[in-house]
Amino acid sequence: MLWKQKKLFAKVLPVVFIVSSLYIICIPRTFSTDIKLAPEIDNPMSGGTLGDIASSLGFNLNDMSTSDAITPLLYPDLMDDNKFVADMLEIQVESLDGEIKCNYKYYLKELQKKPWWGDVMDWIKGFLPQGEEEDEVRQVKGFENSPYLLTKKENKILEAVRNNISLRVDKKTGIITISTKAQDALICKTLADSVRTHLQAFITDYRTKKACIDQEHYQHLVEEAKSRYEEARRAYANYSDTNNGLILESYRTKQNDLENEMQLRYNSYTTMTAQYLAAQAKVQERTPAFTMIKGATVPIKPTGPKRMLFVVGMLVFATILTSLYVTIKK
């Protein structure tokens, strides 16, 4: 029955082939690359029996156990934070041919390739009246230039960034995979390296924040203790020089008091210095190390869209629909 309708297939399939080919050719090609990192994890717990049970099921609790509030499993959730994503917009990018040199925000807004119907839609929108929503949002007090109060256009740009960046964490190994895509191969690699840098900076800042606060506190105490010690030392030196050679007991007692005060302040200064050096060591201890297992490469071939697969899929889909049409009709 289907063979008798071969003329119908001969009409439908060439049309579908031509239309799908013209459509997919207009879609811009994209490149993708990825980076794999192994972060240093604070592991105070061994897991015990629960860890053994989880290991038998394919999960390694020992690798993911940490005393930090933000565990590696939560790193992908950083892409939901507007500030973390907005920081990516200031990345400086350059195309492989050198014709594009700008920040990532301008690249997304002005230099993205679109299919011809996208340009037609933008041309039509240019004739439509624009509302005053942009200015109204900007005038909210306390939220000037805040990434948490965006206009529709700004939110659309952040969504474009989220679509181009992917963060994944392997629950078994703890390996962080950063995947990026862009319409230019070099921009794709630059974006991946920048996301890695931002992620490492965020994790390092989080892990060392408390230690850095302690370091600044002890540094302030050291400066105060040093100032008090120098003040006591000058007072002792001036008094000793002024009353040199005097044998009165009152002068000698005053000199001893000044000397003792100078020694106490010196002891306080040395103690604060030792605390400050320990705080510095604590910052270094809390600073995590990252091992790059796989670096980002400049992709050679585009990864999408798959033009041949799309055309073949459309032909198969058209064949199935035509067959159903003939079957139901007969």
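Residues numbered from 1 in each chain as written. Predicted model: local features only at pLDDT ≥ 70, side-chain atom pairs only at ≥ 80, totals over all residues. Heavy atoms only, no water.

Draft legend 1. Here's a closer look at the overall build of the chain. Looking only at helices and strands, the chain features 11 helices and 6 strands. Burial statistics for the chain: of 330 residues in total, 30% are counted as buried. The long-range share in the chain, meaning contacts at least 24 apart out of those at least 6 apart in sequence, stands at 75%. Total accessible area on the chain stands at roughly 21,700 Å², and carbon and sulfur atoms take up 58% of it. (Helix = DSSP H or I, 4+ residues; strand = E, 2+ residues; numbered from the N terminus. Buried < 20%, exposed > 50% of the residue type's maximum accessible area, 1.4 Å probe, protein only. Contact = heavy atoms within 4.5 Å. Areas by Shrake-Rupley, 256 points an atom, 1.4 Å probe, with all protein chains shown as cover.)

Draft legend 2. A look at the pairing of strand S1 (residues 31-39). Two strands pair when backbone bridges link them, and S1 and strand S5 (residues 176-182) are joined in this way by 7 bridges, in the antiparallel orientation. Within S5, the residue paired with Phe31 across the bridge is Ala182. One ladder, built from 4 bridges, connects S1 with strand S6 (residues 290-294); its direction is antiparallel. The partner of Leu37 across the bridge, within S6, is Met292. (Pairing = 2+ DSSP bridges.)

Draft legend 3. How the structure looks around the pairing of strand S4 (residues 165-169). Because side chains alternate across S4, one face comprises the buried residues Ile165, Leu167 and Val169, and the other comprises Ser166 and Arg168, none of which is buried. By the bridge criterion, 5 bridges tie S4 to S5 in an arrangement that is antiparallel. Among the inter-strand pairings, Val169 is bridged to a residue of S5, identified as Ile176.

Draft legend 4. Examining the environment of Asp77 more closely. By the element assignment, Asp77 lies in the loop between helix H3 (61-64) and helix H4 (82-86). Residue classification places Asp77 among the partly exposed residues on the basis of a relative accessible area of 43%. Measuring from C-alpha to C-alpha, the distance between Asp77 and Arg168 comes to 9.5 Å, with 91 residues separating the pair along the chain.

Draft legend 5. Spatial organisation of the sheet that holds S1. Sheet architecture is open: 4 strands sit in the order S4-S5-S1-S6, paired in antiparallel fashion. In the strand order of this sheet, the two ends are held by S4 and S6, each with one partner. Direction aside, neighbouring strands of the sheet carry axes that sit 25° apart on average. Contacts between helix H8 (residues 152-164) and the sheet are confined to S4 and S5, with S4 contributing the most and set at about 50° to the helix. Its contacts with the sheet place helix H9 (residues 185-242) against S1, S4, S5 and S6, and it is angled at close to 145° to S5. (Axes fitted to C-alpha atoms, helices over the stretch in contact; angles between N-to-C directions.)

Draft legend 6. How the structure looks around the packing of aromatic side chains. Tallying each qualifying case throughout the model produces 5 aromatic pairs. Relative to Phe202, the ring of Phe84 has its centre 6.2 Å away and its plane inclined at 75°; by these criteria the two rings are edge-to-face. Placement of Phe84 in helix H4 and of Phe202 in helix H9 is noted, with a sequence separation of 118 residues between them. The class for Phe202 is partly exposed, based on a relative accessible area of 29%. One aromatic cluster is present, formed by Tyr229, Tyr266 and Tyr269 through successive ring pairs. (Phe/Tyr/Trp six-rings, centres within 6.5 Å; stacked < 30°, edge-to-face > 60°.)

Draft legend 7. Examining the side chain of Ser20 more closely. Within the secondary structure, Ser20 sits in helix H1 (residues 6-26). Accessibility expressed as a relative area gives 4% for Ser20, which makes it buried. At 2.7 Å, the side chain of Ser20 and the backbone oxygen of Val16 are in polar contact. Sequence-distant contacts of Ser20, defined by excluding residues within four places in its chain, comprise Phe310, Val311 and Met314. (Polar contact = N/O pair within 3.5 Å; in protein donor to acceptor, adjacent residues only side chain to side chain.)

Draft legend 8. The arrangement of the side chain of Gln200 in detail. By the element assignment, Gln200 lies in helix H9. Contact partners of Gln200, with chain neighbours within four places excluded, come to Leu37 and Phe290.

Draft legend 9. Summary view of H9. Of all the bends in H9, the largest measures some 55° and sits at Lys209. Its side-chain oxygen 3.0 Å from the backbone nitrogen of Leu186, Asp184 forms the N-cap of H9. (Bend = angle between axes of the 7 residues up to and from the residue.)

Draft legend 10. Examining the nonpolar core more closely. With 33 residues, the main nonpolar core has Tyr104, Tyr107, Val161 and Ile178 as its most contacted residues. Counting only elements with at least two residues in this core, the list comes to S1, H4, helix H5 (104-110), H8, S4, S5 and H9. A total of 7 residues in this core trace back to one element, the largest contributor, which is H9. Once residues within four sequence positions are removed from consideration, Ile178 is found in contact with Thr33, Asp34, Ile35, Leu37, Ser166, Leu167, Ala192, Val195, Arg196 and Leu199. Core analysis: the next-biggest nonpolar cluster, separate from the first, contains 6 residues, Tyr229, Ala232, Tyr236 and Leu258 among them. (Core = buried A, V, L, I, M, F, W, Y, C linked by side-chain atoms within 4.5 Å.)

Draft legend 11. The arrangement of the packing of H1 against helix H11 (residues 307-329) in detail. Where H1 contacts H11, the two axes come as close as 9 Å, and the packing angle between them is 150°. Viewed along their axes, H1 and H11 adopt a mutual orientation that is roughly antiparallel. Considering the relative orientation of H1 and H11, their crossing is right-handed. Of the residues in H11, those touching H1 at Leu8, Phe9, Val12, Leu13, Val16, Phe17, Ser20, Ser21, Tyr23, Ile24 and Ile25 are Arg307, Phe310, Val311, Met314, Leu315, Ala318, Thr319, Thr322, Ser323, Tyr325 and Val326. Here the contact of H1 with H11 is built from residues that sort into 16 nonpolar, 5 polar and 1 charged. (Parallel < 35°, antiparallel > 145°, perpendicular 65-115°, else oblique. Left-handed = near helix turned anticlockwise from the far one by under 90°. Nonpolar A, V, L, I, M, F, W, Y, C, P; charged D, E, K, R; others polar.)

Honestly, it's all geometry; don't read function into it.
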